[in-house]
Amino acid sequence: MKIKIPCMNIKLVSRDMVIANSYNPNSVPINKMELLKQSIIDNGFCFPIVTIWDNDLEKYVIIDGFHRFTICQPNWLDITEVPIVVLDHDISKRMAATMQFNKARGVHQVDLDADLIRSLLEQGQNEEEISIHLGIDTETIHRYKSLTGIAELFKNSQYSMSWSVEEE
Amino acid sequence: MQKYDNNKNVLDAAKERISFVFDNFENIIVSISGGKDSTTLAHLALTEAHNRSRKIGLFFLDEEVVYQNTIDQIEYLMNIYPENTNRLWLQIEFLLTNSTSLEEGQLKCWEAGKHKIWMRSKGKNNIFAKPWAKEKEKYHNAAKGGLGFYGVLENFQDCYKNTAFLVGLRAAGESPNRWRAVTKNPININGNKVYWGSKKGENVVLYPIYDWNFHDIWHYIYDNKLRYSKIYDFQFKKGFGISEMRVSSLIHEKSFKSICELPEFEPKTYDKLLKRIKGISFAQETGKNSKMFKARKLPKNFKSWIVYRDFLLNTYPDPAKKNLFAKRFSKHLNNEFVARQQCRQIILNDYENNLAIQNKPDPREELIEYYKGVL
């Protein structure tokens, strides 16, 4: 099968030429938006916004990357020229593509995530840095840090007093 | 009436109770689930068995569709004192409710002929044949059309006489109601009145750690350096409250939520589950969505719960089960309060009526009437 490589044809267009679509079901919570912003600061704009050209609107309509596009707005990083790729899709193919881009992704296995955080700590990063760059609150970092597991938390607790049931 | 004994902690009390069981019963079987409570109880009982050079049964009814961590935990318990353990690990075909799919509402675990898609192969030291005679089999569930989880338990218990079945049920744990129900009538064991158990046919079911709290359980596990299911540590890392952690079965109507976290906890188990039964992917993605499985919020294209219920009932794919729902609902009041609960039953495919419906007037309507009167 011949696979097209649209990401080889990226162009920079003015932010005002790009608009959101009307059907995007994806929502990104605010803490993940902060992480996205941090990612763009740390790594630069690595993934272009995926669009189609709409002849009626004379605009590029977003298929994927609405939240990257949001980060370009004045109240976030205020990026005026945005990188896009343009696909040639009809409406149903566009909707399917939106779904595919949003859903075809993995999750992090909890214990491996915890390993990753511990190894960053060992490399000398402090909790605050990790919290900002990985978008994880410090309480979660504390939970991930503990190698010992939950039983250890009850090391110093005392057994409670026994009780019995008796007839009234 | 509950009475505290300030001279004795729960550990000493449980040891005394277990010692009493060993004095009064020759045959003892501990039910284990892989969870923390039954791990604690099994260890207490095994220690006593070891000290007395006796043998007890460890009974695990394997539902096939469980965490790998559960299986590892059971294997660990079976091997703490193998010389004192009678391995009662049952891997037989029976019916489980699959609340995640309407088309495949039933899962036959360990179904014959499907061994290629079983979650795992059977362990060679386990029990593969029903330990009771076919003609003696009872407790068929009419709604299920066969033997369910509790049916297997009952048949299994009926294979024994004068046996003490020990269960790690805690009064402060998951089922305070069940606890009150079982202790209503004390049982007489060789002249002693026992309030922490109940008679079951020719056997007794006993709850030696009924007064333990979750922190007592964890403290015991820590002190004795016991292994426990890693799922608890995963849940802790994900921010679950310590008292609400469960290692439950993966697919029945009260535990479908555990599927949401499964890809993050045990990706391999999740992959196998996707191949094993229908509905998993949908439940995993929507399990936390209050509209779907919890039926808290009415989907926006329906104007009332009654309309939504009628829609769900009309489009229900299995005619036999559809009738079960229709018949049950016909006995209910027709209001929004009841209809929402009916929607939840259909969505969770609860044809067995496990999530009982409160059949009463809509409390909101009452409130509206009240204000109408006042104003």
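Up top you'll find the structure we're talking about.
Residues numbered from 1 in each chain as written. Chains lettered and ligands numbered in written order. Predicted model: local features only at pLDDT ≥ 70, side-chain atom pairs only at ≥ 80, totals over all residues. Heavy atoms only, no water.

Visitor: Could you give an account of the environment of Ile62(A), with specific residues and numbers?
Guide: All names here are of chain A. With respect to the element layout, Ile62 can be found in strand E4 (residues 59-64). When its relative accessible area of 2% is taken as the criterion, Ile62 is described as buried. Residues Ile62 and Val85, 23 residues apart in the sequence, show an inter-C-alpha distance of 9.8 Å. Apart from the residues lying within four places of it in its own chain, the contact partners of Ile62 are Val18, Ile19, Ala20, Asn21, Tyr23, Ile49, Val50, Thr51 and Phe69. (Helix = DSSP H or I, 4+ residues; strand = E, 2+ residues; numbered from the N terminus. Buried < 20%, exposed > 50% of the residue type's maximum accessible area, 1.4 Å probe, protein only. Contact = heavy atoms within 4.5 Å.)

Visitor: Report on the packing of helix H11 (residues 305-314) of chain B against helix H13 (residues 336-347) of chain B, specifying residues and quantitative values.
Guide: Residue and element names in this part refer to chain B. Contact geometry for H11 and H13: axes closest at 8 Å, N-to-C directions at 30 degrees. Compared by their axis directions, H11 and H13 come out roughly parallel. The element H11 and its partner H13 pack so that their crossing is left-handed. Residue-level contacts link Trp305, Ile306, Tyr308, Arg309, Leu312 and Leu313 of H11 to Glu336, Ala339, Arg340, Gln342, Cys343, Ile346 and Ile347 of H13. A class-by-class count of the residues in the contact of H11 with H13 yields 9 nonpolar, 1 polar and 3 charged. (Axes fitted to C-alpha atoms, helices over the stretch in contact; angles between N-to-C directions. Parallel < 35°, antiparallel > 145°, perpendicular 65-115°, else oblique. Left-handed = near helix turned anticlockwise from the far one by under 90°. Nonpolar A, V, L, I, M, F, W, Y, C, P; charged D, E, K, R; others polar.)

Visitor: How would you explain the interface of chain A and chain B if you had to name every residue and give the values?
Guide: On the side of chain B, 45 residues touch chain A, which itself brings 31 residues to the contact. Overall, the association of chain A and chain B removes approximately 3,700 Å² of surface from exposure, summing both partners, and the carbon and sulfur fraction of that is 61%. Counting across the interface, chain A meets chain B through 0 salt bridges. In this assembly, chain A and chain B are joined by 12 residue pairs in polar contact (both at pLDDT 80 or more). (Buried area = accessible area lost by both parts, 1.4 Å probe. Salt bridge = Lys/Arg side-chain N within 4 Å of Asp/Glu carboxyl O. Polar contact = N/O pair within 3.5 Å; in protein donor to acceptor, adjacent residues only side chain to side chain.)

Visitor: Please provide a residue-by-residue account of the packing of aromatic side chains, values included.
Guide: Residue and element names in this part refer to chain B. Considering all chains together, one arrives at 23 aromatic pairs over all chains under this definition. The interplanar angle of 85 degrees and the centroid separation of 5.9 Å between the aromatic rings of Tyr160 and Phe165 together place this pair among those described as edge-to-face. Judged by relative accessible area, Phe165 falls into the buried class, the value being 1%. Aromatic side chains Trp212 and Tyr220 sit 5.9 Å apart centroid to centroid with 70 degrees between the ring planes, which places their arrangement in the edge-to-face category. Across the pair, Tyr220 and Trp212 agree in class, each one buried. (Phe/Tyr/Trp six-rings, centres within 6.5 Å; stacked < 30°, edge-to-face > 60°.)

Visitor: Describe the nonpolar core, with residues and values.
Guide: Counting residues in each nonpolar core, the largest one holds 98 residues, and the members touching the most others are Leu206(B) and Trp212(B). Among the elements that make up this core, the one with the highest residue count is helix H1 (residues 10-24) of chain B (7 residues). In this view, Trp212(B) contacts Tyr159(A), Val10(B), Leu11(B), Ala14(B), Thr40(B), Leu44(B), Arg170(B), Ala172(B), Ile217(B) and Tyr220(B); residues no more than four positions away in its chain are not counted. One finds Trp305(B), Tyr316(B), Ile347(B) and Ile357(B) within the second-largest nonpolar core, a separate group that totals 15 residues. (Core = buried A, V, L, I, M, F, W, Y, C linked by side-chain atoms within 4.5 Å.)

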